[in-house]
Amino acid sequence: DTVQLAVTDTGIGLSPEEAGRLFNDFVRIKNDKTKNILGSGLGLSIVKKLAQLYGGEISVASEPDKGSTFSVRLNRTPEN
């Protein structure tokens, strides 16, 4: 009854504290590894809102210096 999409990278990864804040509006993870990466901090919060509109959710599993897996789960049929 659900569809799941997962994207995995081998990037810089996130600490548990960073991952806990990641899906909020205007959140930019700022540390030595991200100081030169530009962005508004809205992309993942928009994905979260869209997933919730379809009765789904977004999550991340990450480990610093090893990468992250972002997962989006959506219902196949809209909720009423």
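Up top is the structure.
What counts, and where the lines are drawn
- Residues numbered from 1 in each chain as written.
- Predicted model: local features only at pLDDT ≥ 70, side-chain atom pairs only at ≥ 80, totals over all residues.
- Heavy atoms only, no water.
- Core = buried A, V, L, I, M, F, W, Y, C linked by side-chain atoms within 4.5 Å.
- Buried < 20%, exposed > 50% of the residue type's maximum accessible area, 1.4 Å probe, protein only.
- Contact = heavy atoms within 4.5 Å.
- Helix = DSSP H or I, 4+ residues; strand = E, 2+ residues; numbered from the N terminus.
- Pairing = 2+ DSSP bridges.
- Axes fitted to C-alpha atoms, helices over the stretch in contact; angles between N-to-C directions.

Novice: So what about the nonpolar core? Which residues, and what values?
Specialist: Counting residues in each nonpolar core, the largest one holds nine residues, listed as Leu14, Ala19, Leu22, Phe23, Val27, Ile29, Ala51, Ile58 and Val72. Residues in contact with Leu14, not counting those within four places in the same chain, are Ala19, Leu22, Ile29, Val60, Ser62, Glu63, Pro64 and Ser68.

Novice: With reference to specific residues and values, describe unusual backbone geometry.
Specialist: At Phe26, a position not held by glycine, the phi torsion is positive, near 60°. The residue Phe26 is located in the loop between helix H1 (16–21) and helix H2 (43–53) in this model. Even without glycine at this site, Asp65 takes up a positive phi of about 65°. Mapped onto the elements of the fold, Asp65 is located in the loop between strand S2 (57–63) and strand S3 (67–75).

Novice: Quick rundown of the sheet that holds strand S1 (residues 2–9)? Include the residues and the values.
Specialist: The strand order across the open sheet formed by three strands is S1-S3-S2, and the pairing between neighbours is antiparallel. For this open sheet the edge positions go to S1 and S2, each flanked by a neighbour on one side alone. Neighbour-to-neighbour, the strand axes of this sheet turn through a mean angle of 15°, independent of strand direction. In this structure, S2 lies alongside S3, joined through seven bridges in antiparallel fashion. Across the sheet, residue Glu57 finds its bridge partner in S3, namely Arg73.

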